[in-house]
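# Summary of the model geometry
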Amino acid sequence: MKYYFLTLLSLLLVGYACAGDVNLYVSPDGDDANSGNSLEKPFLTIERARDVIRAKKLNVKMSGDVTVYLRGGRYELDDTLYFDDRDSGSNGHSVNYKAYKKEEPIICGGRRVTGWKPVKGKPYFVASVPEQAAVKTKSPVRGNRILPLHPRFYSQQSLSSDGFAPYFAQLYVNGVRAERARTSDIRSSSRKEWWNNPETKAFRDGIYIDKSTIEDYTNPEDIRLLWLELFKTMDTPLEDVIPCDDDEVILKMKQPAFLKGTAWHRIQPNTQFFIINALEELDEPGEWYLDQKKDLVYYYPRTVDGDINEAEVYAPRVECLVKVDGTPMRRARHIKFDGITFQCGNWSDPKEHYLGLSQAEIYRTYTSEFPGQVVVNYADHVTIANCTIRNMGSCGIQLYEGCNNTLIEGNLTYDTTGAGITIGRWWFHLFECPPESICTNTMVRNNVVRNTGRDYWQGTGINIFTAYECKVHHNDISDTAYTGLHARAGGSDGFIHPRIGKIEYKYNKVSRAFAGHKWGIGDGGHIYMHGRYPGSLVMENLSLYANQNVNMEYYPDNDSYQVSWTKNVSRYSKSKYSFYKKAQSTVHHNYSDNRVTRGVSHHTLVKNDEWPEEAQKIMASAGLQPEYKHLERRVYGHKNLAEGRPCKSSSDLDGAHAAKAAIDGNWKSFWRASDKNDGPSWFSVDLGSKHVIQRLSMLPRQDQYEVDGRRMLEIQASNDPEFSAYVVLAERKNLPWYHKTTSHPTNMWEQFVNVDKGYRYLRVIATDPAGKLSIGEFSAFGYQKE
Ligand SMILES: [Ca+2]
Ligand SMILES: [Ca+2]
């Protein structure tokens with residue numbers, strides 16, 4: 001009886017919900033001349049569905065939801081998908097753009113690169129990426145009242161529908177970001193003085209460099225220099241290489257980028273940097289180079305890529321894939337994106353400007369912010385749920401100005417240049433921030449963030465600028481270049497904005513943040529807040545596996561007053577301090593297995609893994625809630641799969657340098673093959689079960705003079721412990737990768753892979769039989785294949 005009643009009730013409810021519902025369908029095989037109102041007659045484009053909803057007023061006086069079902073497949077954009085107040089839901093019902101059933105619609109801002117040809121005498125290939133490939137031109141019609149959201153960030157170039165973008169700084173091969181061709185180790189300036197051209201007013205125009213330390217570059221204007229200062233990176237364009245005397249040349253830098261970029265710390269004598277994006281530095285598998293003059297792209301394939309002409313190689317093209325773009329007077333409302341994959345968004349602004357020298361997603365000289373690729377502006381009740389945002393040249397999701405009641409839930413962000421998710425505008429002087437521009441009542445929940453800050457080592461996981469009542473709950477964050485959870489409100493002038501504050505970081509799981517340490521970045525943490533956010537709470541979070549270079553895991557920085565940091569847990573920590581107290585913050589009743597600074601009160605220091613009951617409860621409920629746990633089976637987790645596992649080696653130098661030293665979690669201990677090793681030396685590890693491997697890294701032993709552990713090797717995967725058959729997941733040819741050991745071990749070798757097959761055994765093997773491998777730490781990250 002009860003069952004019958006419930007069934008009847010649910011039928012009634014479903015019936016009610018269906019009464020006013022309208023469904024439209026879009027398919028990559030569809031046609032915009034279709035009616036779009038059945039599975040058999042889908043539209044081709046999402047724009048068409050949007051325009052039909054507008055024209056037929058399907059979203060006016062709604063009595064049910066309007067849902068645009070997107071069939072699986074790839075939708076390649078020619079321009080940003082715009083939505084505004086005309087696309088809003090009404091009467092509390094929403095307009096949904098939703099994946100049909102379990103299909104995977106992919107909204108792609110990139111264009112596939114094809115027609116790869118081998119370059120004679122070289123290990124790499126070349127393909128043409130013309131800006132205009134055909135006579136077809138883009139329709140200028142794009143709505144009659146839409147203004148660019150923030151033109152200073154996006155080039156707003158009009159793309160030929162068949163052409164490539166004039167500039168892109170990423171190339172994705174089978175979903176993996178390739179590395180811009182670079183020097184294998186650092187170069188350094190050879191004089192104290194900057195080159196000072198008396199014809200210009202610029203004080204710093206470039207640097208002197210020993211001619212023998214660089215190649216003879218054919219395309220200097222494609223090149224960038226990249227260096228590090230504490231927690232800031234600096235990536236700035238070169239203009240020209242000018243002969244100077246017999247031994248030196250001048251690297252003339254583009255202005256005003258260089259002048260601004262060196263404003264904080266002027267480059268010192270012997271300042272060290274990498275040279276990026278030069279054909280002459282294209283010398284290791286996985287590197288690529290863009291020749292802007294000739295519209296050619298070069299790539300040196302990895303074994304794992306397979307046939308390059310079969311591989312899916314994408315160059316990002318469209319800048320910002322989706323904008324829900326309201327205005328203060330005409331707000332967009334009740335729009336939802338559900339189950340969609342967004343990928344390959346471009347960001348060309350850094351081409352002429354420097355990138356870095358700020359903090360986190362603050363851009364330029366503390367004057368603006370990194371843009372996102374899925375952007376919401378002046379909108380109410382927008383939901384972004386169950387989406388995948390990957391392979392992006394800036395941030396993933398961005399709430400820009402005036403977004404109220406936004407829900408960002410159950411999304412996976414992976415491989416982004418900036419943060420996975422970023423909220424609010426950046427204002428250095430908070431008193432200049434208009435109250436209506438502040439994002440309020442935002443819920444960011446159950447999202448998985450991985451692999452951020454690619455090409456930008458200041459990139460965070462989830463970032464907040466100006467916001468009020470912003471809840472960041474139950475997110476699962478790992479492998480972010482800089483801080484995992486980051487909030488910063490303005491400079492340090494002490495101004496308290498009445499409409500900024502009440503940030504909540506609760507129940508999040510954060511691990512392996514501050515991965516930028518591998519390049520020598522300093523002063524990062526796992527959870528960080530800076531500036532005036534009155535009434536904020538950092539509570540019941542779990543921080544895991546902080547590395548040796550993290551200063552403060554829970555990091556209340558300047559002016560973060562009226563913030564309570566309580567009931568948080570830090571476990572498996574190797575950071576300098578798990579909890580840190582700075583003036584104006586309260587840090588109390590937390591748990592850690594690592595030390596804390598003075599001023600942290602009522603702290604429980606846990607020994608021998610004996611966690612009190614409350615700490616155990618906090619650890620158990622941090623991270624994804626049960627209904628979102630399925631996301632853990634799509635991306636690598638927090639644990640290094642290799643650590644402490646059974647392992648073997650071809651030979652050991654001695655008992656202190658046995659194979660297990662390569663996976664003991666200790667950066668100082670290392671395995672090394674014996675000098676008498678017969679044949680290629682190797683190290684192998686048993687992961688215990690099959691895993692899809694996504695990220696591999698190797699930290700060499702802390703001896704920068706021994707290069708055998710940094711060159712001529714392969715990482716193989718197999719399901720046979722004897723490796724009778726295997727695949728090569730990663731490889732290094734002849735050039736040792738750079739390794740710095742002055743204060744911290746930095747610049748570990750890191751490789752990402754995308755092979756949809758599980759492997760149990762991994763082996764690092766020398767490809768030069770004479771090479772005696774050594775490994776400080778080997779790590780593998782992946783997920784268990786169902
Ligand atoms: Ca190189
Ligand atoms: Ca070790």
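For the structure, see preceding data.
All of the points below concern the structure found in this document. (Residues numbered from 1 in each chain as written. Chains lettered and ligands numbered in written order. Predicted model: local features only at pLDDT ≥ 70, side-chain atom pairs only at ≥ 80, totals over all residues. Heavy atoms only, no water.)

### Topic: the coordination of the calcium ion (ligand 1)
Each pair of donors in an ideal four-coordinate tetrahedral metal site encloses 109.5 degrees, whereas pairs in an ideal six-coordinate octahedral site enclose 90 or 180 degrees. On the protein side, the calcium ion (ligand 1) has R182 (O), E281 (O), D283 (OD), E287 (OE) and E287 (OE) as donor atoms, found 2.3 to 2.5 Å from it. Sequence spacing of the donor residues for the calcium ion (ligand 1), all on one chain, is R-x98-E-x1-D-x3-E. Residue R182 is found in the loop between β12 (179–180) and β13 (187–188), and its partner E281 is found in the loop between β18 (272–276) and β19 (287–291); the two are separated by 99 residues along the sequence. Accessibility classification places R182 together with E281 in one group, the buried group. (Donors = N, O, S within 2.8 Å, 3.2 Å for Na, K, Ca; no water. Helix = DSSP H or I, 4+ residues; strand = E, 2+ residues; numbered from the N terminus. Buried < 20%, exposed > 50% of the residue type's maximum accessible area, 1.4 Å probe, protein only.)

### A closer look at the side chain of T383
Relative to the assigned elements, T383 resides in strand β29 (residues 379–385). When its relative accessible area of 15% is taken as the criterion, T383 is described as buried. In this structure, T383 is in contact with I335, K336, F337 and L407, ignoring residues within four places of it in sequence. (Contact = heavy atoms within 4.5 Å.)

### Topic: the pattern of salt bridges
Per the counting criterion, the structure on display carries 50 salt bridges. Close ionic contact of K336 with D338 constitutes a salt bridge, the shortest N to O distance being 3.9 Å. Exposure remark for D338: the relative accessible area of 9% places this residue in the buried category. The structure contains a network of salt bridges with shared partners spanning R50, D51, R54, D84, R86 and D87. (Salt bridge = Lys/Arg side-chain N within 4 Å of Asp/Glu carboxyl O.)

### Considering the coordination of the calcium ion (ligand 2)
Within the protein, the atoms that donate to the calcium ion (ligand 2) are A661 (O), D664 (OD), N666 (O), S669 (O), S669 (OG), G776 (O) and E777 (OE), at distances of 2.3 to 2.6 Å. Within one chain, the residues donating to the calcium ion (ligand 2) are spaced in sequence as A-x2-D-x1-N-x2-S-x106-G-E.

### Observations regarding the state of the cysteines
Simply put, disulfide is the name for a covalent bond between the sulfur atoms of two cysteines. The tally for this structure, following the rule as stated, stands at zero disulfides. Of the cysteine sulfurs around C403, a residue in no disulfide, the closest is that of C439, at 4.2 Å. Residue class for C403 comes out buried when judged on its relative accessible area of 0%. (Disulfide = S-S within 2.5 Å.)

### Examining helix α4 (residues 613–621)
Within α4, burial applies to A615, I618 and M619. Axial view of α4: buried residues confined to an arc of 95°, hence all on one face. Projecting away from the buried face of α4 at angles above 90 degrees are the exposed residues E613, K617 and A620. Phi turns positive one or two residues past the end of α4, at G623, with a value near 90°. (Arc of directions from axis to C-beta.)

### Thoughts on the nonpolar core
With 73 residues, the main nonpolar core has Y97, F337, F342, I464 and Y505 as its most contacted residues. When sequence neighbours within four positions are dropped, the list of residues in contact with F342 reads I107, L321, V322, V374, C387, T388, I389, R390 and M392. One finds A642, I663, V685 and L729 within the second-largest nonpolar core, a separate group that totals 30 residues. (Core = buried A, V, L, I, M, F, W, Y, C linked by side-chain atoms within 4.5 Å.)

Without other data, these values stay purely geometric and don't point to any function.
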